[in-house]
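Chain residues, written in single-letter form:
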Amino acid sequence: MMQVKRALLSVSNKEGIVEFARGLNELGIELISTGGTAAKLTEASLPVIRISEITDFPEMMDGRVKTLHPAVHGGILAVRDNKQHMIELAEQGITPIDLIVCNLYPFAETIAREGVSLEEAIENIDIGGPTMIRSAAKNNNDVVVVVNPENYHKVLKELKDNNGSVSKETKLELAYQAFQHTAEYDHLIQDYLADVIEGGNDNHLPEVIMDRYQKKSNLRYGENPHQKAAFYQEKSFAEPSITTAKQLHGKELSFNNINDTNGALELVKEFEDRPAAAVIKHANPCGMAVADNIVEAYKNAHAGDPLSAYGSIVALNREVSEELAHEIAGKDKFVEVVIAPGYSNQALDVLMNRWKNVRILEVGDLYINREKPGYDMKKVTGGLLVQDRDIYQVKRDDLEIVTDTKPTEEQLADLLFAWKVVKHVKSNAIVMARNGMIVGVGAGQMSRVDSMIIAGRKAEGRQEGGVVASDAFFPFPDAIEEAAAKGIKAIIQPGGSIRDEKVIEAANEYNIAMVFTGIRHFRH
């Protein structure tokens, strides 16, 4: 193994750099450094060779040019067992550099500041750093490259244990991290500039997608045991979510747990103004309710379909109290996951004592990041479908009453409630609601009238006098006739069918109030 004799340190993130440099110095490794890093090491009384002494050229242009020099890159890129390379180094008076410690200008922190200008952002695009990192990573057989302070201890230990050398395996792993570091950095820059350029463009979806996802955990398996799986976190996404949730108790989350819990949480996030509870099974709500308090909301949500609620996911948009925990953990009840903004200590005791393995997740205060909501993506074989997230919310003033019968105030409230819920049900979707509570759901059927029939069967008579939400228009009056037979008194739907007039006629015939939203909520 090649012995490390000379190191170049140039870091933006100076965490642990003094201690690391001191360890290198104690091993007799010569230290070269630049700008602020050199100043910090000098303050710590460490012997440092300034980069200008190596290049015989001053740092220029506010530090834009300092390491971009053959004396630096020749020393990094020379292949040590290539005789011609070493002859050329000697002819130019260049000494090899065996260790590069570098991380980059804080571009992410810069663009995160409110009101940052394009000029400020561009000034924080590092050029020399990525070039030096890539040079060292390319020549990883001979050069150690460290971009993450978390690796300082590991590298120092190997140097001490191996007489100043680092194993080939470690150098290759560090090179991988280095290329990952520069790739993420370049992604940040291109993503920022894309926003600047495309900000006024109606077709604002990017030409190239290079989103960064960090592995959060390996999963036991995917949707089925024969499928390998892992959970990745989108690094630039800022919103309370299943990805940012903190697990307080229980077994590890499965692939299906994560998918279902995501659906549950996104549903209760729709209801910012009232306590809301969702009970989810296979990514569809089998129960959902709002009420004046969260305990009542949960009771009504569970009552929506108690049979299907066994083994479900429970999501709440308010803190879980001891009283609510007792309701969730009641006799003959079983849940896979509970997710909420927070829990009282007593509530945690109740849930943990009731179930050893129930997964308890805390997500903090809920909100939807409407300024930067991100995209909704669906993987298809060999490609990716990308669209805006469906965070559109219909308001009362948006509704068009199209029937002779007008909805009452109570019906309007239920219609808007059911409309928020139907957005989170697999299409073709029908939701029956009454008094702020879901009483029947028909999801994912090939025919909308079949969804109406299934929702009615689930409702078991509780839909009498209630309302229906349909995620898309009714192509025929048959579903209206089915709703009338089940005692439905008001319907909310997008409208837009070529047979809207016949559908409206049917609603008028059965004295059903109908409102159009002008917008649909397909979910596949």
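Values in this document were obtained by computation on a predicted structure and should not be read as measured data. (Residues numbered from 1 in each chain as written. Predicted model: local features only at pLDDT ≥ 70, side-chain atom pairs only at ≥ 80, totals over all residues. Heavy atoms only, no water.)

Engineer: Describe the domain arrangement of the chain, naming the residues involved and giving the relevant values.
Structural biologist: As far as domains go, the chain holds domain 1 (6-198), domain 2 (245-362) and domain 3 (396-516). Relative placement of domain 1 and domain 2: their C-alpha centres are 48 Å apart. (Domains from an automatic or database assignment.)

Engineer: So what's going on with unusual backbone geometry? Residues and values would help.
Structural biologist: Residue N428 is reached from S427 by a cis peptide bond, and omega for that bond is 0°. Within the secondary structure layout, N428 lies in the loop between α15 (409-422) and β17 (430-433). A positive phi angle, close to 55°, is found at N163, a residue other than glycine. Within the secondary structure, N163 sits in the loop between α9 (152-161) and α10 (168-198). Phi at A283 takes a positive value of approximately 70°, unusual for a residue other than glycine. Residue position: A283 is located in the loop between β9 (276-281) and β10 (284-290). (Helix = DSSP H or I, 4+ residues; strand = E, 2+ residues; numbered from the N terminus.)

Engineer: Residues and numbers for the pairing of strand β11 (residues 312-316), please.
Structural biologist: Here β11 lies mainly inside the structure; 5 of its 5 residues are buried. Neither face of β11 is open: one carries S312, V314 and L316, the other I313 and A315, and all of them are buried. Bridge analysis of β9 against β11 gives 4 bridges, and the strand direction is antiparallel. Paired with A277 across the strands is L316, a residue of β11. Where β11 and strand β12 (residues 335-340) come together, 4 bridges link them in parallel fashion. Residue pairing in the sheet places S312 in a bridge with V335 of β12. (Buried < 20%, exposed > 50% of the residue type's maximum accessible area, 1.4 Å probe, protein only. Pairing = 2+ DSSP bridges.)

Engineer: Describe in detail the pattern of salt bridges, supporting the description with residues and values.
Structural biologist: The final tally for this structure, using the stated rule, is 18 salt bridges. In this structure, the salt-bridge partner of E327 is K299, at a minimum N-O distance of 3.9 Å. With a gap of 28 residues between them, E327 in helix α13 (residues 322-328) and K299 in helix α12 (residues 294-303) connect regions that are remote in the sequence. Residue E327 is classed as partly exposed on the basis of its relative accessible area of 24%. The residue E409 makes a salt bridge to R396 at a minimum N-O spacing of 2.5 Å. Here R396 lies in the loop between β15 (383-388) and β16 (400-401) and E409 lies in helix α15, a separation of 13 residues in the sequence. (Salt bridge = Lys/Arg side-chain N within 4 Å of Asp/Glu carboxyl O.)

Engineer: So what's going on with the sheet that holds β17? Residues and values would help.
Structural biologist: Reading across from one edge, β16-β21-β20-β19-β17-β18 is the order of the 6 strands in this open sheet, with mixed pairing throughout. If you trace the sheet from one side to the other, it starts and ends with β16 and β18 (438-442), each paired once. Here α15 sits on the sheet and contacts β17, β18, β19 (467-470), β20 (490-493) and β21 (513-516); the angle it forms with β19, its principal contact strand, is near 35°. (Contact = heavy atoms within 4.5 Å. Axes fitted to C-alpha atoms, helices over the stretch in contact; angles between N-to-C directions.)

Engineer: Describe the layout of surface pockets, with residues and values.
Structural biologist: If a probe the size of a water molecule is rolled over the atoms, the empty space left behind becomes visible. Within this model, the second largest pocket holds a volume of roughly 700 Å³. Along the wall of the second largest pocket there are 23 residues; nearest its centre are N103, V147, H181, E184 and K235. Residue contributions to the lining of the second largest pocket peak at 6 residues, all from α10. Among the residues forming the lining of the second largest pocket, the class breakdown is 9 nonpolar, 8 polar and 6 charged. (1 Å grid on protein atoms, 1.4 Å probe; cavity = no way out; pocket = protein on both sides within 12 Å on 5 of 7 lines; lining within 4 Å. Points joined across faces, edges and corners; volume = space filled by probe spheres on them. Nonpolar A, V, L, I, M, F, W, Y, C, P; charged D, E, K, R; others polar.)

Engineer: Which residues make up the sheet that holds strand β5 (residues 144-146), and what values go with them?
Structural biologist: Strands sit in the order β3-β2-β1-β4-β5 across an open sheet of 5 strands; the sheet is parallel. What marks the edges here is a single partner per strand, and that holds for β3 (49-50) and β5. Where strand β2 (residues 30-33) meets β3, 2 bridges bridge the pair, whose relative direction is parallel. Following the sheet pairing, S33 is matched in β3 by R50. Seen against the sheet, helix α8 (residues 128-138) touches β1 (6-11), β4 (99-103) and β5 and runs at an angle of roughly 145° to β4.

Engineer: I'd like a rundown of α12, residues and numbers included.
Structural biologist: Burial within α12 is extensive, with 7 of its 10 residues counted as buried. Those residues of α12 that fall on the buried side of the exposure criterion are I294, V295, A297, Y298, N300, A301 and H302. Next to the buried residues of α12 lie β9, β10, β11 and α13. Two or three places before V295, at the opening of α12, N293 has a side-chain oxygen 3.2 Å from that residue's backbone nitrogen. (Polar contact = N/O pair within 3.5 Å; in protein donor to acceptor, adjacent residues only side chain to side chain.)

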